[in-house]
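As a plain string of letters, each chain reads:
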Amino acid sequence: MTPPRRFFIETWGCQMNELDTQRMAGQLMQQGILPTHQPEEADIILLNSCSVREKAAQKVYSRLGEYRQFKRDRGDLLIGLCGCVAQQEGEKALERVPDLDFVLGPARVGELQEVVARRRAGERVVATGFPEDRQYDIDAVSRAGEYKGMVTIIEGCNKNCTFCIVPKTRGPERSRPSAEILREVRHLLDYGFQEIELLGQTVNHWREPEGEWDFADLLDQIARMPGVQRLRFVTSYPRDFTPRMVEQIGRHANICPYLHLPVQSGSDRVLRRMGRGYTRGEYLDLVGQLRRARPDLALSTDLIVGFPGETEEDFESTLELVREVRFAAMYAFKYSPRPGTAAPRLSDPVQPEVASERLQRLFQLQNGIQEEINRELVGEELEVIVTGWGKQPGTQTGRTPCHRVVHFATGPEPALLGSVTRVQVETALPHSLLGRRLPVPVLALS
Ligand code: SAM
């Protein structure tokens, strides 16, 4: 008997890439090709890349260099470059890497089976661009082992922030019809998913393609669906929030009290140069509205330091904003010039050493804030969805509704992955909580 064929996918970047990986895995599994964790035993290797920062894009090329060595022993091995670097590079990637078999852009993920077949027939394929008609088979998504079901509601981005390559790699904005979205959510609930995560680069800019609904209506509909235990969405664009959306977040307890709201900078001058379309004051006002609607809301953010023209004073404004908002989590990056974006042409670039030093100061401030916020949770009993096994024997890991990572001792019986358990927090660290799983209360029958 011939052994089953195997695939290996390496993924970088955002949740959208994670979902694209699940979609590619699903299509291959439909053809009887099985996943492996060992690239050296794979018949198909896919690199699902990210190009938001230069380092991520470089990493994918160095990995391609490593994987093409396997072709020496395995003549029939296929290597595909997928994701945002694939869209950015297209044909150039095939020229640069002679052993690369195909290039598949993010809007063409649904065509993987055809692309592999064309390659097997001898063609080196470049499938990029943004076709109107996109293939998306919700049955061909490998969601196994996941506790949350991700659903793309809006693709692409029209914002054109001066630093960001996403509009080039993921194309113009395009909302999926609500009927399709609701059908996919129902499908996930039928499979028993506890948590639904709606995805989009500007998720709260979703609009019914031919209708009146906006994101507030969609949130309301999904939150009301029986079986939706936790509802999340990422990434929200500050300028696109409306009072109706804030109201829905306050109204539905199953909308998680966690919101990722990238601010990028605390300085109005820098925000203007970034083309973000809001001011520091407007951002803080929105934070106030959200917290009034949902006092338990944990906020996280993205920040870029060392953007062209950022002065020490601008950076101090960012630190000040971070102190004021007290984010529960923060993702901060040194500015990285990206091809085809406007920011590299702006005056007064910041020296890399200055940007590194600012990034350090920002992390130092944020670590202290996170530790303080997490310390307030010591002694509390939290509801946790079990997401995996801990590094220490006898421990498991989970996520609270406000998206904090909790490591806990399993107790006599480990909890099922994907199940909900209660954990009492014993120790607070800046990036996680440690606790003890509480016994499930025994109901007395009368
Ligand atoms: N669509 C989201 C938005 O506009 O808020 C985020 C998109 S991006 C995938 C995730 C984060 O990467 C951004 O929020 C930003 O902080 C960071 N980022 C994007 N371009 C960058 C660049 N050129 N250099 C450094 N960080 C960047």
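Structure: see above.
As the structure is a prediction and not an experimental result, all values here were calculated from the model.

Colleague: Mind showing me how you'd approach the overall build of the protein here?
Modeller: When helices and strands are tallied, the protein shows 13 helices and 19 strands. For 446 residues, the compact-globule estimate of 2.2 N^0.38 gives 22 Å, and the protein sits close to it at 23 Å. With the C-alpha coordinates aligned to their principal axes, the bounding extent of the protein is approximately 70 × 60 × 50 Å. In the protein, which comprises 446 residues, the share counted as buried stands at 56%. Considering only residue pairs separated by 6 or more positions, the protein has 72% of its internal contacts joining residues 24 or more positions apart. By element, 50% of the accessible surface of the protein is carried by carbon and sulfur atoms, the whole surface being about 20,500 Å². Each charge class in the protein was averaged separately, 57 positive and 61 negative side chains, and the resulting centres sit 2 Å apart.

Colleague: Would you mind showing me how to read the pattern of salt bridges here?
Modeller: For side chains bearing opposite charge, pairing can occur when the charged atoms are close. Summed over the entire model, instances satisfying the criterion amount to 37 salt bridges. Here Arg244 and Asp214 are joined by a salt bridge, their closest N and O atoms 3.3 Å apart. Pair noted here: Arg244 is in helix α9 (residues 243–251) and Asp214 is in the loop between β10 (195–199) and α8 (215–223), with a separation of 30 residues, a long-range link. Residue class for Arg244 comes out partly exposed when judged on its relative accessible area of 39%. Residues Arg269 and Asp314 are paired through a salt bridge, measuring 2.8 Å at the closest nitrogen-oxygen approach. Taken as a pair, Arg269 in helix α10 (residues 268–274) and Asp314 in helix α12 (residues 312–325) lie far apart in primary sequence, 45 residues in all. The partly exposed category is assigned to Arg269, whose relative accessible area is 33%. When its relative accessible area of 7% is taken as the criterion, Asp314 is described as buried.

Colleague: How do you make sense of the sheet that holds β10 when you look at a structure like this?
Modeller: Adjacent strands of a sheet pair through backbone hydrogen bonds, lying either parallel or antiparallel. The parallel open sheet is built from three strands, whose spatial order is β7-β10-β11. Two strands in the sheet have a free side with no partner beyond their single neighbour: β7 (148–152) and β11 (230–234). Across the sheet, the axes of successive neighbouring strands diverge by a mean angle of 20°, strand direction being ignored. In terms of strand pairing, β7 meets β10 through five bridges, oriented parallel.

Colleague: I tried to follow the environment of Arg108 on my own but got confused; where do I start?
Modeller: If you trace the backbone, Arg108 turns up in the loop between β5 (102–104) and α5 (112–120). Exposure remark for Arg108: the relative accessible area of 18% places this residue in the buried category. In this structure, the C-alpha to C-alpha distance between Arg108 and Gln289, residues 181 residues apart in sequence, is 39 Å. Discounting chain neighbours no more than four positions away, the residues touching Arg108 are Ala127, Thr128, Gly129 and Pro131.

Colleague: I'm lost on the environment of Tyr61 in this one. Help?
Modeller: Here Tyr61 lies in helix α2 (residues 54–67). When the C-alpha atoms of Tyr61 and Val384 are compared, they prove to be 38 Å apart, with 323 residues separating the residues in sequence. Ignoring anything within four residues of it in the chain, the contact list for Tyr61 reads Val85, Glu89, Ala93, Arg96 and Val97.

Colleague: What is the right way to look at unusual backbone geometry in this model?
Modeller: For residues that are not glycine, phi is negative in most cases, and the peptide bond is trans in most cases. Here the amide bond leading from Val234 into Thr235 is cis, since omega sits at 5°, within 30 degrees of zero. When you line up the elements, Thr235 lands in the loop between β11 and α9. Phi angles above zero are rare outside glycine, and Gln264 is one such case at about 75°. Here Gln264 falls in the buried class, since its relative accessible area comes to 7%. Of note, Arg326 is a non-glycine position whose phi angle comes to about 55°, a positive value. Residue position: Arg326 is located in the loop between α12 and β14 (329–334).

Colleague: Got a minute to help me understand the site of the ligand in this structure?
Modeller: Taken together, the neighbourhood of the ligand is formed by 16 residues, with Phe163, Gln201, Gln264, Asp302 and Ser336 sitting nearest. For the ligand, an oxygen atom lies 3.1 Å from a polar atom in the side chain of Arg53. For the ligand, whose accessible area on its own is 570 Å², the fraction buried by protein is 94%.

Colleague: In this structure, what is going on with α12? I would like to understand it.
Modeller: One full turn of an α-helix is made of 3.6 residues, so residues set three or four places apart face in the same direction. Over its 14 residues, α12 runs 20 Å from end to end, which matches the ideal 20 Å to within 8%, given 1.5 Å per residue. Where α12 is concerned, the buried positions are Asp314, Phe315, Thr318, Leu319, Leu321, Val322 and Val325. An end-on view of α12 places all buried positions within 160° of arc, on one side of the element. Summarising the contacts, the buried residues of α12 are in contact with α10, α11 (280–293), β13 (298–305) and α13 (352–375). Looking at the residues trailing α12, positive phi occurs at Arg326, about 55°.

Colleague: Any chance you could explain the sheet that holds strand β6 (residues 125–127) here in plain terms?
Modeller: With parallel pairing, six strands are arranged side by side in an open sheet as β2-β1-β3-β4-β5-β6. If you trace the sheet from one side to the other, it starts and ends with β2 (34–35) and β6, each paired once. Examined bridge by bridge, strand β4 (residues 78–82) and β5 share three bridges and lie parallel to one another. The residue bridging Cys82 from the neighbouring strand is Leu104, located in β5. Those strands touched by α5 are β3 (44–49), β4, β5 and β6, and its axis lies near 165° from that of β5.

What counts and how
- Residues numbered from 1 in each chain as written.
- Predicted model: local features only at pLDDT ≥ 70, side-chain atom pairs only at ≥ 80, totals over all residues.
- Heavy atoms only, no water.
- Helix = DSSP H or I, 4+ residues; strand = E, 2+ residues; numbered from the N terminus.
- Rg over C-alpha atoms; globule rule 2.2 N^0.38 Å.
- Buried < 20%, exposed > 50% of the residue type's maximum accessible area, 1.4 Å probe, protein only.
- Contact = heavy atoms within 4.5 Å.
- Areas by Shrake-Rupley, 256 points an atom, 1.4 Å probe, with all protein chains shown as cover.
- Lys, Arg positive; Asp, Glu negative; His and termini not counted.
- Charge placed at Lys NZ, Arg CZ, Asp CG, Glu CD.
- Salt bridge = Lys/Arg side-chain N within 4 Å of Asp/Glu carboxyl O.
- Pairing = 2+ DSSP bridges.
- Axes fitted to C-alpha atoms, helices over the stretch in contact; angles between N-to-C directions.
- Near = heavy atom within 4 Å.
- Polar contact = N/O pair within 3.5 Å; in protein donor to acceptor, adjacent residues only side chain to side chain.
- Expected span 1.5 Å × (residues − 1).
- Arc of directions from axis to C-beta.

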